[in-house]
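Inside the fold
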Amino acid sequence: MEVRACAGNMDFARLWLGLLLPLVATLDFSYHHQEEMEAFLKSVAQNYSSITHLHSIGKSVKGRNLWVLVVGRSPKEHRIGIPEFKYVANMHGDETVGRELLLHLIEYLVTSDGKDLEITNLINSTRIHIMPSMNPDGFEAVRKPDCFYSNGRENYNFYDLNRNFPDAFEFNNVSRQPETVAVMEWLKTETFVLSANLHGGALVASYPFDNGVPATGTLHSRSLTPDDDVFQYLANTYASRNPNMKGDQCKNKMNFPNGITNGYSWYPLKGGMQDYNYIWAQCFEITLELSCCKYPREEKLLFFWNLNKASLIEYIKQVHLGVKGQVFDQSGNPLPNVIVEVQDRKHICPYKTNKYGEYYLLLLPGSYTLNVTVPGHDPHLTKVIIPKKSQDFSALKKDILFPLREQLDSIPVSNLLCPMIPLYSNLPSHSAATKPSLFLFLVTLFHILFK
């Protein structure tokens, strides 16, 4: 009797487990408010604990957690050679599609691991950070969803978070908000390589710069980074796999060739997150505008998931573009804070190795000369050739032995920090160039709410 009772209890437990797991794992296509989102994220973290890690990077003005779910084989810590990728959505609280897409992306990743070879390889080779909502207060503040503007765009203090970051082209003397500070601190803790932030109100993949000076091309109504070829490729990678972005764009709004645009060419803005990522966090970020309507009916969410699923996955894979490796001294010790850049595309805030001596450079196929620089020492040049068909789920690996003349104990702290000031201010004045033409002014006026 006791054996039968025990067996019966085990069968009963399995039955309940079988009934409960689908409820935990299956996410419906509706809008999920903070409590529902938290419950889903916590259930994923609990049920897929070997490949996920849930943590809060800070709190909103109203004290709501800014949740990030990490997916990877080593979700709790960085592993050498594994690049860090991130998606951030809902920084404008009334732009809601991206928030739900990222929740469904989480579900798709964890339930496909071990079943889908592409997703399994992606999780094996990448550490993926997903923040469904950067502005939970704004999302909760929306009382009457609208396609064009709702009162939840800004945070609780009525600040636009995509105008709240330090700017490299002009002073941005606004009060830095808790959500912005949390993201800035988060960027210091990880070696992010590639990112996208998800918005709504248009259909386009927008790439840096959003602000500019004549030296970056503003006299030609654009503002280009030294890595413009890579950014155009990244934007096109996403847009080309979304049928609406590359073709059927929003009616009565701007059309973008191939569904991509330079941010400044669309309209200039100060204090944007993608420029901050690129300049101060060594992270290539683009902005994805994914729906003509900012807050569409929830019946449309499945439609948006089907449109964006392939793009979301393919874009993550681009974190494996180019070259990666470590810089070592003659004794085989990794060298942190060493500048590693391509000779003809230097960044105004130089890209440096992390504490493990690692560097990651997103590059298209071709021949490049890497310039490795340690203060007080002669630069070390080394050539790399990025093959046309890159390795699956891995950039070209190129470790570098730096020929130091003497032992290097440390690099002075003064050489590490890149000040958060208008770094381009020493270049020719951009007062005239950043005043848009009449056309740009009208475009700005019409689209100012869409980014």
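Up top you'll find the structure we're talking about.
Owing to the predicted nature of the structure, the values given are computational and were not obtained by experimental measurement.

1. As for the state of the cysteines
One pass over the full model with this rule turns up 3 disulfides. Between C250 and C292 runs a disulfide, and the two sulfur atoms are separated by 2.0 Å. On the sign convention where negative means left-handed, the S-S torsion of about -95° between C250 and C292 marks this disulfide as left-handed. In this pair, C250 is assigned in the loop between α8 (243–246) and β7 (260–262) and C292 in the loop between β8 (284–291) and α11 (301–317), connecting sequence segments 42 residues apart. Across the protein, the disulfide pattern expressed with sequentially numbered bonded cysteines is 1-4, 2-3, 5-6.

2. Let's talk about the pairing of strand β2 (residues 65–71)
Within β2, 7 of the 7 residues are buried, leaving the element largely enclosed by the surrounding structure. What you see with β2 is no split at all: N65, W67, L69 and V71 on one side and L66, V68 and V70 on the other are buried throughout. Pairing of strand β1 (residues 52–59) with β2 involves 6 bridges; the strand directions are antiparallel. Note that in β2 the partner of H55 across the bridge is V68.

3. Regarding the packing of helix α7 (residues 228–239) against α11
Contact pair α7 / α11: the axes reach a minimum separation of 8 Å and the direction vectors enclose 150°. Comparing the axis directions of α7 and α11 gives the class roughly antiparallel. Contacts between α7 and α11 involve L234, T237 and Y238 on the former and, on the latter, N308, S311, L312, E314 and Y315. Taken together, the residues of the contact of α7 with α11 break down into 4 nonpolar, 3 polar and 1 charged.

4. Digging into the packing of helix α3 (residues 97–112) against α11
Two numbers describe how α3 lies on α11: the axes approach to 10 Å, and their chain directions differ by 65°. Between α3 and α11 the crossing geometry is right-handed. Across the interface between the two elements, V97, E100, L101, H104, L105, Y108 and L109 from α3 touch L301, F304, W305, N308, K309, L312, I313 and I316 from α11.

5. Remarks on unusual backbone geometry
A cis amide bond, omega 5°, links P208 with the succeeding residue F209. With respect to the helices and strands, the residue F209 is situated in the loop between β6 (202–207) and α7. For N90, which is not a glycine, the phi torsion comes out positive at approximately 60°. Relative to the elements of secondary structure, N90 occurs in the loop between β3 (84–89) and α3. The exposure class of N90 is buried, given its relative accessible area of 1%. Although it is not a glycine, N258 sits at a positive phi angle of roughly 60°.

6. Side note on α11
Every α-helix winds through 3.6 residues per turn, so residues three or four apart in the chain are directed the same way. For α11, with 17 residues, the first-to-last C-alpha span of 24 Å sits near the 24 Å given by 1.5 Å per residue. Of all bends in α11, the biggest is about 45°, found at N308. Within the span of α11, buried status applies to L301, F304, W305, L307, N308, S311, L312, I313, E314, Y315 and I316.

7. Considerations on the pattern of salt bridges
Counted under the stated rule, the structure contains 17 salt bridges. With its nearest N and O atoms 2.9 Å apart, the salt bridge here joins K317 to E118. Of this pair, K317 sits in helix α11 while E118 is found in helix α4 (residues 117–125), placing the two residues 199 residues apart along the sequence. The exposure class assigned to K317 is partly exposed, which follows from its relative accessible area of 22%. For E118, a relative accessible area of 32% puts it in the partly exposed group.

Each value, and the rule that gives it
Residues numbered from 1 in each chain as written. Predicted model: local features only at pLDDT ≥ 70, side-chain atom pairs only at ≥ 80, totals over all residues. Heavy atoms only, no water. Disulfide = S-S within 2.5 Å. Helix = DSSP H or I, 4+ residues; strand = E, 2+ residues; numbered from the N terminus. Buried < 20%, exposed > 50% of the residue type's maximum accessible area, 1.4 Å probe, protein only. Pairing = 2+ DSSP bridges. Axes fitted to C-alpha atoms, helices over the stretch in contact; angles between N-to-C directions. Parallel < 35°, antiparallel > 145°, perpendicular 65-115°, else oblique. Contact = heavy atoms within 4.5 Å. Nonpolar A, V, L, I, M, F, W, Y, C, P; charged D, E, K, R; others polar. Left-handed = near helix turned anticlockwise from the far one by under 90°. Expected span 1.5 Å × (residues − 1). Bend = angle between axes of the 7 residues up to and from the residue. Salt bridge = Lys/Arg side-chain N within 4 Å of Asp/Glu carboxyl O.

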